[in-house]
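The lines below spell out each chain.
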Amino acid sequence: GRYNLLRSTLSFDVEGDRLVIGDPGKGMYFAILDDRGNKVGEFTANAPKIKITEKDKEVLIKRRKYIEGMSDQNWNRMMKHNDVVCPEFFPAFEKIDTADNKIYVQTYTAKDNKREFIVFDFAGKELKRVFLPDARMWTVKNDTYFFLSYDEDSDEWSLNGTTI
């Protein structure tokens, strides 16, 4: 069998009476639908191709093992029976969130434990690019980025916020 280490999946969110769907499989592509499912807008933006390094692949494997709850032994057993496939490049983006009539796009561009976010209006105009703490669980409200972080030493989660 085949085991895809990183899939390009749709990301969506609701803002008021609009549904925003992002499709990284089509690049940096977004469709905006009204409350009846009619497409009322769409746009694309340039997305740099980010090559997946061996270090990135190790992080993806560690994350996938955690998500799937696999021990090293189970992972190795699975690898014996499957081809683990990793794309050459990251998808155009990982996740979106909408708030305050803006679309916040988490890209795979990273530096200093932070990830790049691109902020668009609903017409597709780029408003801002900013690096924010890398987090798996996050949301935006009132131009504030809220995210959960985990401290392994204390085994505690904390809610954090930073202005965008």
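See above for the structure.
Conventions used here
- Residues numbered from 1 in each chain as written.
- Predicted model: local features only at pLDDT ≥ 70, side-chain atom pairs only at ≥ 80, totals over all residues.
- Heavy atoms only, no water.
- Pairing = 2+ DSSP bridges.
- Helix = DSSP H or I, 4+ residues; strand = E, 2+ residues; numbered from the N terminus.
- Axes fitted to C-alpha atoms, helices over the stretch in contact; angles between N-to-C directions.
- Phe/Tyr/Trp six-rings, centres within 6.5 Å; stacked < 30°, edge-to-face > 60°.
- Buried < 20%, exposed > 50% of the residue type's maximum accessible area, 1.4 Å probe, protein only.
- Lys NZ or Arg CZ within 6 Å of the ring centre and 35° of its normal.

Explain the sheet that holds strand S2 (residues 11-15) residue by residue, including any values.
Hydrogen bonds between backbone atoms are what pair the strands of a sheet, whose relative direction is either parallel or antiparallel. Taken together, 4 strands build an open sheet; the order of strands is S2-S3-S4-S5 and the sheet is antiparallel. If you trace the sheet from one side to the other, it starts and ends with S2 and strand S5 (39-45), each paired once. Geometrically, the sheet is characterised by an average inter-axis angle of 15 degrees between neighbouring strands, direction not taken into account. Bridge count between strand S4 (residues 28-33) and S5: 6 bridges; the pairing is antiparallel.

Please give an account of the packing of aromatic side chains that cites residues and values.
Evaluated as defined, the whole model comprises 10 aromatic pairs. Taking 4.5 Å as the distance between ring centres and 20 degrees as the angle between the ring planes, the aromatic pair formed by Phe90 and Tyr108 counts as stacked. You can see Phe90 sitting in the loop between strand S6 (83-85) and strand S7 (95-99) and its partner Tyr108 sitting in strand S8 (residues 102-111), a full 18 residues away along the chain. Using a relative accessible area of 12% as the deciding quantity, one classes Phe90 as buried. Both rings, one in Tyr150 and one in Trp157, keep their centres 5.0 Å apart while their planes meet at 45 degrees; by these two values the pair is tilted. Cluster of aromatic residues (ring-pair linked, three or more members): Phe30, Phe43, Phe93 and Phe120. The ring of Phe122 is capped by Arg18, whose NZ or CZ atom sits 4.0 Å from the centre of that ring. One Lys or Arg, Lys49, reaches over the ring of Phe89 and ends 4.8 Å from the middle of that ring.

From the geometry alone we can't say anything about function, so treat these as descriptive.
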